[in-house]
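Observations on chain architecture
Letter by letter, the chains look like this.
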Amino acid sequence: MNQPKLEYHRRRRGVLAVAGLCGLTGILLEHGTYPGDTGLLVARFFSFCAVVLFLVEQVLSWRHLGQFRIYLNERWPTFSLSVLLVLEIIGVMLGRESTWLATVMNKVHASDLTNAYLLVIQVYIASVFAVQLPHMQQRFARWRVRPAVAFVLVFVVLIFFGTGLLMLPRATPAEQPIHFLDALFTSSSAVCVTGLVVRDTGTGFSTFGQTVILVLIQLGGLGIMSLTAALSLLLGRGIGVRESSLLREVFQVPMMAEVGRMVRFIILMTVSIELLGAVILYRGLEGAHLAHTPRAFQALFHSISAFCNSGFSLYSRSLMDLAEQPLVVGSITGLLVLGGLGFGVILQLLGWMRGRLMDRRNKRLRLDLHSRVVLGVSAALLFGGATLITMLEWNHSLAGQSVAMKLSQAFFQSATCRTAGFNSMDLNLLTPASLFLMIILMFIGGAPGSTAGGVKVTALAIVWANIRSVGSGLTKVRLGRWEIEQVQVQRSMLVLSSGLVIAAVAIFILLITEGQELLTTVFEVFSALGTVGLSLGMTGLLSPVGKLLVIVLMFVGRLGPLTLAASLVGRLAEPRIRFAKGRILIG
């Protein structure tokens, strides 16, 4: 890279850094605190500086590309919104109340558009600045951070950043300030898309605090790396080599060139599904919404929470009061099932359906082994769990309800306990057998590459195939007509066994520190480790030690034991020295 180009990138990153800091400062002062007249002027000054610096960065990009046509072709989204920003500034300078420009801007709701855009662009600038920070100093650029370490660090930073936002005065009601540990617990639960709460989300947080939680859920569910890459693609900046390598490991795509395509699909699909879910929920929440919260915000909050499998709800009793609303229960079920399948499976399933519709005679259009296993095991767990819950609770907690309501309740609970965290019935009324079944489903979780947690359905399928192969006297593990690589079998056994060991240790500690019943404690541990969010009432009674332990469980459950282990150890190497083989009797 020549010297002028290096100088351009250095200037652009410097402008982005200052703009991001100014924008975040302005947002936090204006929306996160209760500023007086002087504080409000300071906040708006920082926001104005962010806008001006962003426009300066656009001019630098224009000059670097040389021709306006090329710039417009590559950066048309930012150019269009930059025009809105300039018009907004001109309108303010000329006097909004008396100019024709103000009238036109009000008719197109330019103020709302630019305010929303400012918020998005400031978050974008901060995200890009955080990702590009190692490149701004040559000393940092020489560090070769492994992807697993990068993922862990990103989630840790996001959790503590969310904790700071939730501790701002305006994040909670003035008469209910939040303590650091509770803010850390809530931020961890949101980033790890768990849904366990020590403070009621609907009444214990203001609209600003709820918005912070919602953003943390979205970032934690999709991954801050994929969202930052998507914004880079949207604004025409592209994805760097280091970001591409990190994302390639997240999405498990063989070619680095496919990363951009996968990111575009993930964001487009996520936005489409969440908006569709919000529209349906908006209709279903008619007459049942909270008095002090707009129905549109409630619908969007629960749509994002459901698709990201977080289980956060603005209602104190979750969905128990809305169990008879088919639009609400049905849309939430569909969202959480789609979110638990994984983006790669959905992409392949859409391609398979499109191919079958266009050419029904083509027998080559088949799903790969991964998609088949995910869809097959997920369907078996979903319908099998619903059947067992129906049988166990028919004359117990479901007694007195209609047949349709019984089936709906059982199906919803079977779907939600696989990492979603919503509940449409009082869990304390369920039989111990049903609770034990839900613990198993929580431990299994969803699919790899999805917003769900757990040990994943693919690990369960491989472990089951290994047991069958060993029982049949086979030396190779077979799953259908395919032979599974030994390294995948070892990883699946490691994930399953390490999950059980971590759960056992956590149960032992919580039984000592909390003194709750065994089943209640076991349920709480597997709910946190599986990033589910269901609880039998133990979360709100946790001691400080218990809260810290549950935070660790949620963190381990979101990233997975393998990712955490890979971040702590170096690269695997084959030992040069081989020892004599030993023999131990088993069974």
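Cut-offs and rules
- Residues numbered from 1 in each chain as written.
- Predicted model: local features only at pLDDT ≥ 70, side-chain atom pairs only at ≥ 80, totals over all residues.
- Heavy atoms only, no water.
- Axes fitted to C-alpha atoms, helices over the stretch in contact; angles between N-to-C directions.
- Helix = DSSP H or I, 4+ residues; strand = E, 2+ residues; numbered from the N terminus.
- Parallel < 35°, antiparallel > 145°, perpendicular 65-115°, else oblique.
- Left-handed = near helix turned anticlockwise from the far one by under 90°.
- Contact = heavy atoms within 4.5 Å.
- Nonpolar A, V, L, I, M, F, W, Y, C, P; charged D, E, K, R; others polar.
- Salt bridge = Lys/Arg side-chain N within 4 Å of Asp/Glu carboxyl O.
- Buried < 20%, exposed > 50% of the residue type's maximum accessible area, 1.4 Å probe, protein only.
- Patch = residues over 30% accessible without salt bridge, like charges linked within 9 Å, V, L, I, M, F, W, Y side chains within 5 Å.
- Areas by Shrake-Rupley, 256 points an atom, 1.4 Å probe, with all protein chains shown as cover.
- Lys, Arg positive; Asp, Glu negative; His and termini not counted.
- Charge placed at Lys NZ, Arg CZ, Asp CG, Glu CD.
- pLDDT = per-residue confidence, 0-100.
- Expected span 1.5 Å × (residues − 1).

Here we look at the packing of helix H10 (residues 207–222) against helix H14 (residues 295–307)
Two elements in contact, H10 and H14, have axes separated by 10 Å at closest approach and are oriented at 30°. Viewed along their axes, H10 and H14 adopt a mutual orientation that is roughly parallel. Between H10 and H14 the crossing geometry is left-handed. Where H10 abuts H14, its residues Gln210, Thr211, Ile213, Leu214, Ile217 and Gln218 lie against Phe297, Phe301, Ile304 and Ser305. Here the residues of the contact of H10 with H14 are counted per class, giving 6 nonpolar, 4 polar and no charged.

Section: unusual backbone geometry
Keep in mind that most residues, glycine aside, have a negative phi and that most peptide bonds are trans. A positive phi angle is found at Val193, which is not glycine, with a value near 45°. Of note, Val193 is situated in the loop between helix H8 (180–191) and helix H9 (201–204). Even without glycine at this site, Asn309 takes up a positive phi of about 60°. Tracing the backbone through its elements, the reader meets Asn309 in the loop between H14 and helix H15 (326–339).

Let's talk about the packing of helix H21 (residues 486–513) against helix H22 (residues 518–529)
The geometry of H21 relative to H22 is characterised by a closest axis approach of 9 Å and an angle of 135° between their N-to-C directions. Considering their axes alone, H21 and H22 lie oblique with respect to each other. Crossing of H21 over H22 shows right-handed handedness. From H21, Gly499, Ile502, Ala503, Ala506, Ile507, Leu510 and Leu511 reach across to H22, where they touch Leu518, Thr521, Val522, Val525, Phe526 and Leu529. Residue classes in the contact of H21 with H22 are distributed as 11 nonpolar, 2 polar and no charged.

As for the pattern of salt bridges
Going through the model one piece at a time under the given rule, you end up with 2 salt bridges. Residue Lys547 pairs with Asp182 through a salt bridge whose shortest N-O separation is 2.7 Å. Here Asp182 lies in helix H8 and Lys547 lies in helix H23 (residues 544–559), a separation of 365 residues in the sequence. Residue class for Asp182 comes out buried when judged on its relative accessible area of 13%. In this structure, the salt-bridge partner of Asp321 is Arg317, at a minimum N-O distance of 3.0 Å. We classify Asp321 as exposed; its relative accessible area is 57%. Take Arg317: its relative accessible area is 43%, and that puts it in the partly exposed class.

Details of a positive patch on the surface
A cluster of basic residues, Arg356, Arg366, Arg372 and Arg481, forms a positive patch on the protein surface. Along the chain, the position of Arg366 falls in the loop between helix H16 (343–358) and helix H17 (369–393). Looking at Arg366, the relative accessible area reads 57%, which means it is exposed.

Points about the confidence of the model for the chain
For residues with low pLDDT, the predicted coordinates do not support detailed interpretation. Summary statistics for the chain give a mean pLDDT of 77 and a share of 70% for residues scoring 70 or more. Below pLDDT 50 for its whole length, residues 134–141 participates in 12 contacts with residues either more than four positions away or in separate chains. Here residues 228–239 is a poorly scored stretch, pLDDT under 50, and it has 36 contacts once near neighbours within four places are set aside; other chains count.

Points about H16
Its 16 residues place the ends of H16 23 Å apart at the C-alpha level, agreeing with the 22 Å of an ideal helix rising 1.5 Å per residue. Along H16, the positions that sit buried rather than exposed are Phe343, Val345, Ile346 and Gly355.

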